[in-house]
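# Per-entry structural report
Letter by letter, the chains look like this.
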Amino acid sequence: MIDPQLLAFQALNGLQLGIMLFLMAAGLTLVFGIMNLINLAHGSLYMVGAYLAAAFQGWTGSFLLAALLAVPATLLLGVVVEIVVLRALYEREHLDQVLATFGLILFFNEAVRIVWGPNALFVALPEFLSGQVELPLGIIYPSYRFAIIAVGLAVALFLYLLIARTRVGMLIRAGATNRAMVGALGVDVKLLYTAVFGLGTALAGLAGLMAGPILSVESGMGEPILILTFVVIVIGGIGSIRGAFLAAVLIGVIDTMGRAFLPGLLRAAFNPSIANAVGPALASMLIYVVMALVLAFRPQGLFPARGA
Amino acid sequence: MKKMILAAAAAALLASPAGAQSVKIGFIATFSGPGGVLGQHLYDGFMLGIEHQGGKLGGLTPEVLKEDDQFKPDVGLQAAQKLLQRDKVDFISGIVFSNVMMAIYKPVIDSQTFLISSNAGPSPIAGAQCSPYFFSTAWQNDDPHAAMGKHLQDKGIKRVYLMAPNYQAGKDALTGFKRYFKGEVVDEVYTAVNQPDYSAEIATLRAAKPDALYVFYPGGMGVNFVKQYAQAGLTKTIPLYSAFTVDATTVAAQGDAAIGTFGTAFWTVDLKNPANQKFVADFRKKYNYEPSTYAAQAYDSAQLIGAAIKAVGGKLTDKDGLRAAFKKADFKSVRGPFKFNTNGFPIQNYYLYETVRENGKLLELGRGTVMTDQADAYAKDCPLK
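Structure report, in brief. All values derive from a computational prediction rather than experimental measurement. Residue numbers restart at each chain and count upward from 1, following the sequence in its written direction. A letter from A marks each chain and a number from 1 marks each ligand, given out in the order of writing. Selection of residues for local features in this predicted model requires a pLDDT of at least 70, selection of side-chain atom pairs for listing and counting requires 80 or more, and totals for whole chains, interfaces and linings are taken over all residues.

### Comments concerning the overall build of chain B
We count a stretch as a helix when DSSP gives it H or I for four or more residues in a row; a strand needs E for two or more, and each element gets its number in order from the N terminus. Each helix and strand counted, chain B has 13 helices and 13 strands in total. In terms of overall dimensions, chain B has a C-alpha envelope of 70 × 45 × 40 Å along the principal axes. Buried residues in chain B amount to 56% of all 385 residues. Long-range contacts, defined here as pairs at least 24 residues apart, represent 73% of the contacts in chain B between residues at least 6 apart. Residues with at least 20 other C-beta atoms within 10 Å of their own are called buried, those with 12 or fewer are called exposed, and the rest are partly exposed. The C-beta atoms themselves are positioned from the backbone. Throughout, a residue-residue contact means that the two C-beta atoms, derived from backbone geometry, are no farther apart than 7 Å.

### Considering the sheet that holds strand E5 (residues 134-136) of chain B
All names here are of chain B. For two strands to be treated as a pair, DSSP must find no fewer than two bridges joining them. Here five strands make up an open sheet; going across it, the order is E2-E1-E3-E4-E5 and the pairing parallel. Of all the strands in the sheet, the pair left with one neighbour each is strand E2 (61-68) and E5. Taking each pair of neighbouring strands and ignoring which way they run, the sheet shows an average axis angle of 20 degrees. Across four bridges, the pairing between strand E3 (residues 91-94) and strand E4 (residues 114-117) is parallel. In the sheet register, Ile92 faces E4, and the bridge partner there is Leu115. This element, helix H4 (residues 98-110), spans strand E1 (22-29), E3, E4 and E5 of the sheet and lies at about 155 degrees to E4. Throughout, an axis means a line fitted to C-alpha atoms (over the contacting stretch in the case of helices), and angles, computed between N-to-C directions, take values from 0 to 180 degrees. Packed on one face of the sheet, helix H12 (residues 293-311) meets E1, E3, E4 and E5 and runs near 150 degrees to E4.

### Some points on the packing of helix H3 (residues 63-84) of chain A against helix H8 (residues 189-211) of chain A
Residue and element names in this part refer to chain A. The N-to-C vectors of H3 and H8 enclose an angle of 140 degrees; their axes lie 8 Å apart at closest approach. The angle between H3 and H8 falls in the class oblique. Judged by the twist between their axes, the crossing of H3 over H8 is right-handed. For the pair formed by H3 and H8, the contact residues are Ala67, Ala70, Val71, Thr74, Leu75, Leu77, Gly78, Val79, Glu82 and Ile83 on the first element and Thr194, Phe197, Gly198, Thr201, Ala202, Gly205, Leu206 and Leu209 on the second. Looking at the contact of H3 with H8 residue by residue, the classes come out as eleven nonpolar, six polar and one charged. Relative orientations are named as follows: roughly parallel for angles under 35 degrees, roughly antiparallel for angles over 145 degrees, roughly perpendicular for angles from 65 to 115 degrees, and oblique for any other angle. We call a crossing left-handed when the near helix sits turned anticlockwise from the far one by less than a right angle, and right-handed when that turn is clockwise. Residues are grouped as follows: Ala, Val, Leu, Ile, Met, Phe, Trp, Tyr, Cys and Pro are nonpolar; Asp, Glu, Lys and Arg are charged; all remaining types, including Gly, are polar.

### Looking at the interface of chain A and chain B
Between chain A and chain B, the contact holds 33 residues from the first and 31 residues from the second. Elements represented by at least two residues in the side of chain A that touches chain B include exactly helix H1 (4-35), strand E2 (139-142), helix H9 (222-236), helix H10 (241-269) and helix H11 (272-297) of chain A. Broken down by element, the residue count for the side of chain A that touches chain B peaks at six residues, all from H1 of chain A. When the residues that make up the side of chain A that touches chain B are grouped by side-chain class, the tally is 19 nonpolar, eleven polar and three charged.

### Things to note about the packing of H1 of chain A against H10 of chain A
Residue and element names in this part refer to chain A. As a packed pair, H1 and H10 sit with axes 7 Å apart at the nearest point and diverge in direction by 140 degrees. Between H1 and H10, the angle is such that the two are oblique. In the packing of H1 onto H10, the handedness of the crossing is right-handed. In contact with Gln10, Ala11, Asn13, Gly14, Leu15, Leu17, Gly18, Leu21, Phe22, Ala25, Ala26 and Thr29 of H1, H10 contributes Ile241, Ala244, Phe245, Ala248, Val249, Ile251, Gly252, Val253, Asp255, Thr256, Met257 and Ala260.

### Regarding the pairing of strand E8 (residues 212-215) of chain B
Residue and element names in this part refer to chain B. Judged by which residues are buried, E8 turns out to be covered on both faces: Ala212 and Tyr214 on one side and Leu213 and Val215 on the other are all buried. Strand direction decides the pairing type here: strand E6 (residues 159-165) and E8, joined by four bridges, are parallel. In the sheet register, Tyr161 faces E8, and the bridge partner there is Leu213. Where E8 lies against strand E9 (residues 240-242), three bridges are found, and the strand directions are parallel. Bridge assignment links Tyr214 to a residue of E9, and that residue is Tyr241. If the strands point away from the viewer and the path from the first strand over the helix to the second runs clockwise, then the crossover is right-handed. Handedness of the crossover joining E8 and E9 through helix H9 (residues 220-231) is recorded here as right-handed.

### Observations concerning unusual backbone geometry
Residue and element names in this part refer to chain B. Although it is not a glycine, Gln70 adopts a positive phi angle of roughly 55 degrees. Relative to the helices and strands, Gln70 is located in the loop between E2 and helix H3 (73-85). In this structure, Lys88 takes a positive phi of about 50 degrees despite not being glycine. Along the chain, the position of Lys88 falls in the loop between H3 and E3.

### Regarding helix H8 (residues 199-208) of chain B
Counting buried positions along H8 of chain B gives eight out of ten residues, so the element sits mostly inside the fold. Turning to H8 of chain B, its buried residues are Ser199, Ala200, Glu201, Ile202, Ala203, Thr204, Leu205 and Arg206 of chain B. On its buried side, H8 of chain B packs onto H1 and H10 of chain A together with E6, strand E7 (184-191), E8 and H9 of chain B. Phi for Lys209 of chain B, located one or two positions after H8 of chain B, is positive at around 45 degrees.

Spatial relationships are all this shows, so hold off on functional conclusions.
Below is the structure:
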């Protein structure tokens, strides 16, 4: 029988993973939806965010200060990448974009090794977040993961207000619906693209720096999360922030619950040797199964951008 | 790299009197990607091993040809073929990962070139497919895990929880662990390879309340797991035991989260024998980082090759003489007692280690011998005498 305390615990874990995915997916879905650019290097920018946070922490000794410096630094890097590399790709086919941005992945993975060496870097938790919080039901949860949830929700609110209530947001929405028309109306599309890409990069950098204390900061750390992020934006509907948020939480919860409970459930149904062989494989496949189902029955995604 | 070979060749020409030969060693390891740090540790250890023999191997001037297998069996195989056919190397050494080892093993031993593994030791090579051209200065893959199983059994731990990545080495690790552990295995959890986040699994294991946790999470996976386990506040209530998870290659990234965790290995940095003390002191001085088990293994590879060449008086065509000399293992291993089994794997001790902070540095310090003169379980399947 599934214990309610464990279920609540895993729900929190799922939410936290979902929030992390949302920070990545928000940027990727905007870039894809508005600029029609497939950016495989989004995970690399996440990695750079984590590395910069580690470097700034080594320099300033404070995680918060490092975070405050790493986000604008990643944003700046994103703007440079957009101007130097990506601008040349907007009019090209998706395959060219995939090739070029895949090249960027190789470039960044090697660049961080050259700058920071092959060893994984250490990012310390800020002292006040290094403990655990006790919740009702006897749940003991790491404080830092609560902080991630809080920051993620704040970013979601900020993005909602930005996109629904401001002039920039209006342009972004218009861009997602009909890019050519926005350009024809005299909006500086070039500037809009740079701004959107910079925003996406800053969010990826934020995700990366928040992952630093939990994960190993190493070359190639962006790829596993990049794959999950693509799953999220496909399920959520490309170009939709709301879709990215809901799909990220959905994927976070499904992935966590699958990993936590599927092997046990299979063991109840089949003999242990089969369950042990199939369980872990099926648990890590679960989100791809969900993605395949969404693609088959609702190819535009569960929560597509309005009017798209 | 070319420059280095040229320089070595030029130096050889200048320095050696007429008629003196050189010895060519192909060093295949993983130098790029996340596993690249392991290759670097191996290579640095190997080169220090040569330096400590006066820059020679058994009186011959060594040329070390460094090849990156990129953690890909096919790339490793190409590198091996190039070394054998074009460079005509006398020995091949290095090899971080078992899948690369399995790819290059046949062609290397079929060419009757001695293969000295500095790390990988998959079970087929230790058993039925053993070869008179293979020797290892590391360990058979199961044994560090088997040693931890024995330690927890001896310690009287009743209920243990096991975790590993879902691939062959992960399954072998837990099989090795269970060889000597006879208590209750509460659960055996396999996670996706390179999974970044373990919060779901940690919550489940917390609810299962085992007496101890044993994991095998090499490289970045180990960094992620150990940090998250400590952040969940569990290191004190459910002690963490592991192999290849907390070591000199990962501990800097794990930080204080690694303190108080235990592992098993054939070598620890504080082993009190003169060979080891010299190795550790000079390694720190030369490379300015902490030596790992990987560096120690490759250091011994260089020592073993040097001793064998010396025994045959530099006559590299004398394969039988070389083999007899390898078998004797006439060198002072940094691990202390060392001899070869019939399958070319060492018979050696395994030690428990604990990660502590000492003088500001995180170190894995020895906490006693777990197994003495341990021979691997596969040697009985090897037809060699």
